Structures are given as C-alpha cells and as structure tokens.
Amino acid sequence: MNMVEIERALRELRLSGMAQTLPTRLMQAQAAQEPFLQTFAAMLQDELDRRRTRLMERRYKRSGLDEKVGLADFDWRFNPKLPRAACFELHTLKFISEGANALIVGKPGTGKSHIAKALAYQATLAGHDVRYLEADAEFARYALGNASERADLLKDWVEPDLLVLDDLFLARRISEHAAEVLQAIVHQRYKMRRSVVVTSNRVVQDWGRYLGDATMATTILDRLMHRCTMLEFEGKSYRLKEAAARIAINPESS
Ligand SMILES: Nc1ncnc2c1ncn2[C@@H]1O[C@H](COP(=O)(O)OP(=O)(O)O)[C@@H](O)[C@H]1O
Ligand SMILES: [Mg+2]
C-alpha cells in the first residue's frame, strides 16, 4: 500500500485519529530512526486520544450546557456564607451513584447556576449522561408541544444519569402542563434513583403557590428531598459587582 491507500484504509476502518497524525508520525519515525513498536504505540495513542476527546465533546453537546464552568473559577471569598464544603462534596459526584439530589435555593446572582453547571460539566467529564435545562423555558416548550413531542421530551429528561433544573419558578407561576411534567420527572427519576439538581430563587414553602397546587408541591418535594443535599445561597449578587466594575472602568457608558 502507498500512503494514499493507507490513509484510505485508516478512514474506512474509522481510525481517523491515526489517519490525522500519520504524516507527522512517519516524519518523526524517519527523523529519529524510531523502532516500529514505538511509532505504532504513538499512533494507537493518537487514536485513543481522539476518540476520548470526541466522546467528551459529544457528551457535552448533548448535555445542553452553554458553558464549561468549574469550581476553580469560583471566588469563595465573595460570599463567605455559601455552603462551600457541601458544594465540593457534590463535586465528587458520589451523589450521582447514590441517586441523591441537590436543591440549591437562594438569592439571585449568588452563584447557584454557576455551581449547578459546574456539577453538570464535571459529570459529563466523568462519563455521565447529563441534561441541563433552563427549567421554565424548557417546560414552556413542553407545554406547547403535541403529544408525541411531549413524550420525547419527557423521555429525554427522565433517562440521563443527572438532570439539572436551573432556575425553577423563575416565572413564579408555571402552566398546568409544566407542573405535570415536573411531577412526572421527579416521580420517575425518584423510582429509578436518578439524581436531580434544582436551583431556584424561591423558597420551597412557596412552591405550592407557584405550582398552583399544594398537594402536588408536597408530593414533588417529598421525593426530591428524600435523599437530598439542601444548600442555601445567602449573600450579595456577583452580577451587581460585575456591573459596578464595568461602570467604574467605563464611566461614560452608564
Ligand atoms: N463567587 C463567585 N465567584 C465567581 N463568579 C461568580 C460568583 N458568584 C457568581 N458568579 C458569576 O456571576 C454570574 C451570576 O451567577 P449565577 O450563578 O448565574 O447566579 P444565580 O444562578 O444564583 O442567580 C455568573 O456569571 C457566575 O459565574
Ligand atoms: Mg441562576
């Protein structure tokens, strides 16, 4: 086989990682008079690396996350009362294998979404199937769908290892269909011991009001809180701090 044929064979065998690095590895082998096994091992590694990267990219895409955030870029000094130890404990992802949940409730701008996204992203890196939803918007989309679209969405929200419902009850009142799907998600995931992370600006005492149904709120909360870490985010808004910093840098823009 000549080079063209080798490259074609590699692609046919779906060894695109090897195909991509072949010219470089060939040059390297010739330049260093490398033993065959060393070159071959390097090429196998290229293929493995490429597959792992693509798998992780695919998992990230499927998660619905819009950014790759971590705990490393979180400033714990800004709001010293945040439950830092509990956040790091969740970040170990043990809660996912235990089928436990987390409920992050507190003031706007204190980092609830940041922490929830960091957990979700970490879970994709660890190989879990994750869905991150901006809860109100996705539930509104659900309410507008036809029966088969609804069934597909519900399935997509029940099956993953971890589901993040970000900013639940942002709109205060959610539609009847949205309330029903929330109940269905929580019930089904509870039965299968699959983890849910919820963030909300609303205290759980008021959920009945936002759901328009106190009994439903109780059954949802019962299941969510059965195996659950409760985190309260008390403090000032990091968004306001960032806005203030922008105004300070650029006074005429305000
Ligand atoms: N302690 C913090 N350190 C660094 N960035 C933070 C911190 N708290 C919040 N942020 C950032 O401020 C913005 C608002 O935070 P967010 O997590 O959306 O708040 P919440 O969901 O509680 O309303 C985000 O860009 C987030 O990354
Ligand atoms: Mg948020």
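Since the model is a prediction, treat every value here as computed from it, not as a measurement.

A. Layout of the overall build of the protein. Helix and strand counts for the protein come out as 12 helices and five strands. Taking 18 Å as the expected radius of gyration for a compact globule of 254 residues, we find that the protein reaches 24 Å, considerably beyond that expectation. Considering only C-alpha atoms, the protein reaches an extent of 75 × 50 × 35 Å along its principal axes. Residues counted as buried form 28% of the 254 residues belonging to the protein. A fraction of 83% describes how many contacts in the protein between residues 6 or more apart in sequence connect residues 24 or more apart.

B. How the structure looks around the site of ligand 1. Ligand 1 sits among 14 residues. The nearest are Gly111, Lys112, Ser113, His114 and Tyr238. Contributing elements (two or more residues each) for the shell around ligand 1: helix H6 (112-125) and helix H12 (238-249). Here the shell around ligand 1 gets three residues from one element, more than from any other, and that element is H6. Of the residues assigned to the shell around ligand 1, the class counts are four nonpolar, seven polar and three charged.

C. Expanded view of the packing of helix H3 (residues 36-63) against H6. Where H3 contacts H6, the axes come no closer than 9 Å and their chain directions differ by 145°. Along this stretch, H3 crosses H6, giving a crossing that reads as right-handed. Side by side, H3 and H6 meet where Met56, Arg59, Tyr60 and Ser63 of the first sit next to Ala120, Thr124 and Leu125 of the second.

D. Structural context of the nonpolar core. Residues Ala120 and Val164 are the most contacted members of the largest nonpolar core, which totals 46 residues. In terms of residue count, H6 provides more of this core than any other element does, seven residues in total. If we skip the residues at most four places from it in the chain, Ala120 touches Ser63, Leu65, Val130, Tyr132, Leu162 and Val164.

E. The arrangement of the domain arrangement of the protein in detail. Taken domain by domain, the protein consists of domain 1 (3-63) and domain 2 (84-236). Between the C-alpha centres of domain 1 and domain 2 there is a distance of 40 Å. Of the residues lining the interface, four residues belong to domain 1; the matching set on domain 2 comes to six residues. Counted by class, the side of domain 1 that touches domain 2 contains two nonpolar, one polar and one charged residues.

F. Structural view of helix H7 (residues 135-144). All of the buried residues in H7 are Ala135, Asp136, Glu138, Phe139 and Tyr142. One side of H7 carries all its buried residues, which in axial view fall inside an arc of 165°. Here the buried face of H7 lies against strand S2 (130-134), helix H8 (147-158), strand S3 (162-166) and helix H9 (176-191).

G. Examining the environment of Ala9 more closely. Among the secondary structure elements, Ala9 is positioned in helix H1 (residues 3-12). Looking at Ala9, the number of C-beta atoms within 10 Å reads 13, which means it is partly exposed. Separated by 10 residues in the primary sequence, Ala9 and Ala19 place their C-alpha atoms 8.9 Å from one another.

H. Region of the structure containing the sheet that holds S2. Taken in spatial order, the five strands of this open sheet run S2-S3-S4-S1-S5, and their pairing is parallel. Taken across any chain shown, the strands that pair with only one partner, and hence form the sheet edges, are S2 and strand S5 (228-233). With direction set aside, neighbouring strand axes in the sheet form an average angle of 10°. Pairing analysis gives five bridges linking S2 to S3, with the strands arranged parallel. Looking at S3, one finds that Val130 is bridged to Leu162. Its contacts with the sheet put H6 on strand S1 (101-106), S2, S3, strand S4 (195-200) and S5, and the angle it makes with S3 is roughly 160°.

Reading the values: rules and limits
- Residues numbered from 1 in each chain as written.
- Chains lettered and ligands numbered in written order.
- Predicted model: local features only at pLDDT ≥ 70, side-chain atom pairs only at ≥ 80, totals over all residues.
- Helix = DSSP H or I, 4+ residues; strand = E, 2+ residues; numbered from the N terminus.
- Rg over C-alpha atoms; globule rule 2.2 N^0.38 Å.
- Buried ≥ 20, exposed ≤ 12 C-beta atoms within 10 Å, placed from the backbone.
- Contact = placed C-beta atoms within 7 Å.
- Near = placed C-beta within 6 Å.
- Nonpolar A, V, L, I, M, F, W, Y, C, P; charged D, E, K, R; others polar.
- Axes fitted to C-alpha atoms, helices over the stretch in contact; angles between N-to-C directions.
- Left-handed = near helix turned anticlockwise from the far one by under 90°.
- Core = buried A, V, L, I, M, F, W, Y, C linked by C-beta atoms within 7 Å.
- Domains from an automatic or database assignment.
- Arc of directions from axis to C-beta.
- Pairing = 2+ DSSP bridges.

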